[in-house]
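For reference, the chains in residue letters:
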Amino acid sequence: MLLIKSDNTIVAQSKNEAAKAVQQIHKQIEQQIFLFNWLAKQWNSYGQPEPFLWHQQARHIVESLDYVQAVEWADQQGVIRWIEPLIGNQNAYQLDLNTIPLIADKITQAGQTGSWVAVANWKLVQGIKGILFYVPIGKQEQLQGYIIGVVKQHSFFNSAIELTKLNGYNANVYLNDEKVFSSAASNFDTVTVKYHSSRVSFELMGELWHLELWPTQQKIEQQHDPISTYVFIVGLLISCLLSTLVQLISAAKQLNQNLTSTNRKLNTEISERQRIENEMLTMACQDELTSLNNRNAIYCHIKERLHHKANRDVALLLIDLDAFQQVNDVVGHNIGDQLLVKVAARLNKVIDKNSYLARIGGDEFAIFIDDVAAVSVINRVAQKILKAVDTKFVLDQYEFYTTASIGYVIANVNTVSVDDLIRKADSALNKAKSHGKNTIQAFDQSLEIAIIHKVNLLKKLNTAFENQAFELHYQPKIDLQSDKIIGVEALIRWFDEESKQWIPPQEFIPLAEESGIIVPLGDWIIEEACRQLGIWHKLGFIQLHVAINISGKQLKQQRLFQQIVKNYEAQGLRPHHIEIELTEEVFIENIEHNETFMRALVDQGISLSIDDFGIGYSSLAYLRNFPVDTLKIDRSFVKDLPMNDDDVAIVKAISDLAANMNLKVVAEGVENKMQINFLKEHNCQYAQGFWYSKPLSAPELTDKLIRNHNWM
């Protein structure tokens, strides 16, 4: 009988312990949601963070909790863009969640309601089962994507019932009657489960779960121990004799204990949440390396200060260390980081205590100054910064001499936003860097006008490319001895339908280079130039070759050689009908990295020409060791011939050099008979320029070829 009562007690204790375990599982889930929701809240409040800051925050979560496999961000379209850590989770990178029906439905629900959703018992890319939490950043039209928490399911439940195991119990967890977790060994006693277990059902993450809990054999033996039985009998007798009094005292004591325990747990939970939130806030606002404020902190500070509308001027200075990348490349990032710490300390010393200093990324710092009395004040601050940074630093026996570029803007609080302030200061910094090292540049309206023009032109450039609005013109290349056309140079032209004007190549080609459009545009130029040359050959003008200009960006494309060969072969042309032109600067900068490509050209029989020769930093060693066919004398040396003695000397030197190295010479920009006579006298074989013809459209040049017009 006593054993039966003991068994009943064990079952009752199991049921109580099961309820505690379910409570702990819910608490662990709430902790997860708190952390992921905090990331989403920061994003929603302050805008998209810098990638390095987001990864830093996510890494803190992953490292704090063993059962978190990864933290991810998916954009509004449901494509995973950021993962922390990436190593080990790279198979999920760029994964489109909308291709997975169940998850697509879940994130759609989260994006509409603004509330988190979860998917449990999901097979992760690592092959294990996991729980996926999706926390939306905003909702509906304001949705900015999703924070995704990837939790290792077995590790999660193992952590949640850690206290249960310490109390001497095993547990199984079921999801819709499928066992998804067990803390017991594989050979556990099923009889024990049958007679002493307790089963509790609960709802979690929108699913029905079951927890089955039973005592270990050691726990059961403790309950069946004779001494324990004796104590049980004595306790039963005493409780019978003093039942009324004990019940009252016990009830009061239990209530007090429950209140104390609840208070303690609540205080612990609040303290833990405050600790985590404080750590997160510190991480969100402090640069880990220098302990300065970071980009997020200064952005929030400026935004807060601009809300105080008392009429006054404010200033923002951006500071960029000159050639800092070379430090990392030569001595490594560890020394580079030490240098940044030294520079940060130096800046802290020279700025006023009311100024707000931050490191906003890499080797870039920012200083916000409120209530600026005069422009001269900011100029003095900038000069002090330059002087403080322009010094020698000694680190690990290395000596570094640093300089900086500074761009700043001064604006009235009533006419500027925080984004305007940053954008204008950044424009000034870019101009300072373009002017060389150790310089200061203030923002002025012309910078903004130039930026707006550049943005608008880029928009037009993209539209023009999509609409195939470009065309090629061809400038004849003339043999100076026979005065006959022997080839053409293909030159891209763009007529803007909106302004009804031709946009100069020197204006849009650098923008095409910068934006990357030059690569597909260059492919089209190669194809079109070969196609047109094929037409002229079919008309009988087989003496013609075409010169095609190649940019540095195109040289980085591995398929460029195949692209050239494929296009001239498609038109029935021979390799010697094609000439590839590289500017001297592009040639020198890329020859070591693209020697295979350039040698493949000349081995194929394609000519290689150096354009604008003489205006860059020529290396005669490259001319000696590399099979260049042609040098093109830049028009700046031709336009004043034969009157300018310096130009005469330069052209003579280039012609003599080419003759000694068995290279052909082409003079650009020929405009009068005196220039022609001078070039003929000094062994220049070919020329092109307005004296012979401006660049002509394909129909215009075809007409002139057919009519056999004299090129003189």
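Residues numbered from 1 in each chain as written. Predicted model: local features only at pLDDT ≥ 70, side-chain atom pairs only at ≥ 80, totals over all residues. Heavy atoms only, no water.

Observations regarding the overall build of the protein chain
Thinking step 1. Secondary structure summary: the protein chain contains 26 helices and 26 strands in total.
Thinking step 2. Across the 712 residues in the protein chain, those meeting the buried criterion constitute 47%.
Thinking step 3. Considering only contacts within the protein chain whose residues lie at least 6 apart along the sequence, 65% involve residues at least 24 apart.
Thinking step 4. Counting only carbon and sulfur atoms, one obtains 51% of the accessible surface of the protein chain, whose full area is about 36,600 Å². (Helix = DSSP H or I, 4+ residues; strand = E, 2+ residues; numbered from the N terminus. Buried < 20%, exposed > 50% of the residue type's maximum accessible area, 1.4 Å probe, protein only. Contact = heavy atoms within 4.5 Å. Areas by Shrake-Rupley, 256 points an atom, 1.4 Å probe, with all protein chains shown as cover.)

Let's talk about the pairing of strand 11 (residues 356-361)
Thinking step 1. Counting buried positions over the 6 residues of strand 11 gives 5, a clear majority of the element.
Thinking step 2. Where strand 11 and strand 12 (residues 364-369) come together, 5 bridges link them in antiparallel fashion. Within strand 12, the position partnered with arginine 359 by the bridge is phenylalanine 365.
Thinking step 3. Between strand 11 and the antiparallel strand that follows it, strand 12, lie 2 residues; glycine 362 among them carries a positive phi value of about 55°. (Pairing = 2+ DSSP bridges.)

Details of the sheet that holds strand 11
Thinking step 1. Read from one edge of the open sheet, 5 strands run 11-12-10-15-16, paired in mixed fashion. The two strands at the open ends of the sheet, each matched to only one other strand, are strand 11 and strand 16 (440-442). Across the sheet, the mean angle from the axis of one strand to that of its neighbour is 20°, orientation sign disregarded.
Thinking step 2. Its contacts with the sheet put helix 14 (residues 418-434) on strand 10 (313-321), strand 12, strand 15 (404-412) and strand 16, and the angle it makes with strand 15 is roughly 145°. (Axes fitted to C-alpha atoms, helices over the stretch in contact; angles between N-to-C directions.)

Some details on the side chain of serine 355
Thinking step 1. Secondary-structure assignment places serine 355 in the loop between helix 12 (333-350) and strand 11.
Thinking step 2. Under the relative-accessibility criterion, serine 355 is labelled buried at 14%.
Thinking step 3. Beyond its immediate sequence surroundings of up to four residues, serine 355 is in contact with Ile367, Phe368 and Ile369.

Quick look at the layout of surface pockets
Thinking step 1. When its volume is computed, the largest pocket comes out at roughly 1,100 Å³.
Thinking step 2. Taken together, 36 residues make up the lining of the largest pocket; nearest its centre are Glu489, Leu491, Pro505, Ile509 and Asn549.
Thinking step 3. Of all the secondary structure elements, the ones that give two or more residues to the lining of the largest pocket are strand 17 (470-479), strand 18 (484-496), helix 16 (505-515), helix 17 (518-538), helix 18 (552-555), strand 21 (578-583) and strand 22 (607-613). (1 Å grid on protein atoms, 1.4 Å probe; cavity = no way out; pocket = protein on both sides within 12 Å on 5 of 7 lines; lining within 4 Å. Points joined across faces, edges and corners; volume = space filled by probe spheres on them.)

Some details on the nonpolar core
Thinking step 1. Ile548, Ile564, Ile578, Ile580, Leu582, Leu631 and Leu679 are the most contacted members of the largest nonpolar core, which totals 78 residues.
Thinking step 2. If you tally residues by element for this core, the top one is helix 17, at 9 residues.
Thinking step 3. Setting aside residues no more than four positions away along its own chain, leucine 631 makes contact with Ile610, Phe613, Leu623, Ile654, Ala658, Leu663, Lys664, Val665 and Val666.
Thinking step 4. The next biggest cluster of nonpolar side chains, apart from the first, holds 48 residues, and it includes Val68, Val71, Ala171 and Phe202. (Core = buried A, V, L, I, M, F, W, Y, C linked by side-chain atoms within 4.5 Å.)

Some words on the sheet that holds strand 2 (residues 80-84)
Thinking step 1. Overall, antiparallel pairing links the 5 strands, which are arranged 2-1-5-4-3 in an open sheet. Every interior strand has two partners, whereas the edge strands, strand 2 and strand 3 (117-123), have only one. The mean angle between the axes of side-by-side strands here comes to 20°, regardless of whether they run parallel or antiparallel.
Thinking step 2. Sheet analysis places strand 3 next to strand 4 (residues 129-136), joined by 5 bridges and oriented antiparallel. Bridge pairing links alanine 118 to phenylalanine 133 in strand 4.

A look at the confidence of the model for the protein chain
Thinking step 1. Per-residue pLDDT for the protein chain averages 84, and the proportion of residues at 70 or more is 85%.
Thinking step 2. Taken element by element, the predicted model of the protein chain shows its lowest mean pLDDT in helix 8 (residues 226-241) (53) and its highest in strand 20 (residues 545-549) (96).
Thinking step 3. Note on residues 1-5: pLDDT under 50 across the span, and 6 contacts to partners over four residues away in sequence or across chains. (pLDDT = per-residue confidence, 0-100.)

Remarks on the pairing of strand 22
Thinking step 1. Counting buried residues in strand 22 gives 7 out of 7 residues, a clear majority hidden from the surface.
Thinking step 2. Sheet topology places strand 21 next to strand 22; 5 bridges connect them, and they run parallel. Looking at the pairing, leucine 582 lines up with isoleucine 610 of strand 22.
Thinking step 3. With 3 bridges joining them, strand 22 and strand 23 (residues 630-633) adopt parallel strand pairing.

Brief notes about the packing of aromatic side chains
Thinking step 1. On inspection of all chains with the given rule, the structure shows 15 aromatic pairs.
Thinking step 2. Each ring, one from phenylalanine 156 and one from phenylalanine 157, has its centre 5.4 Å from the other, and the planes form 75°; the classification is edge-to-face.
Thinking step 3. A relative accessible area of 0% means that phenylalanine 156 is categorised as buried.
Thinking step 4. A ring pair is formed by phenylalanine 470 and tryptophan 494, whose centres lie 5.5 Å apart and whose planes are at 55°; its orientation type is tilted. Pair noted here: phenylalanine 470 is in strand 17 and tryptophan 494 is in strand 18, with a separation of 24 residues, a long-range link. Accessibility assignment for this pair places phenylalanine 470 and tryptophan 494 in one class, buried.
Thinking step 5. When the ring centre of tyrosine 174 is taken as origin, the NZ or CZ atom of arginine 199, which lies over that ring, is 4.8 Å away. (Phe/Tyr/Trp six-rings, centres within 6.5 Å; stacked < 30°, edge-to-face > 60°. Lys NZ or Arg CZ within 6 Å of the ring centre and 35° of its normal.)

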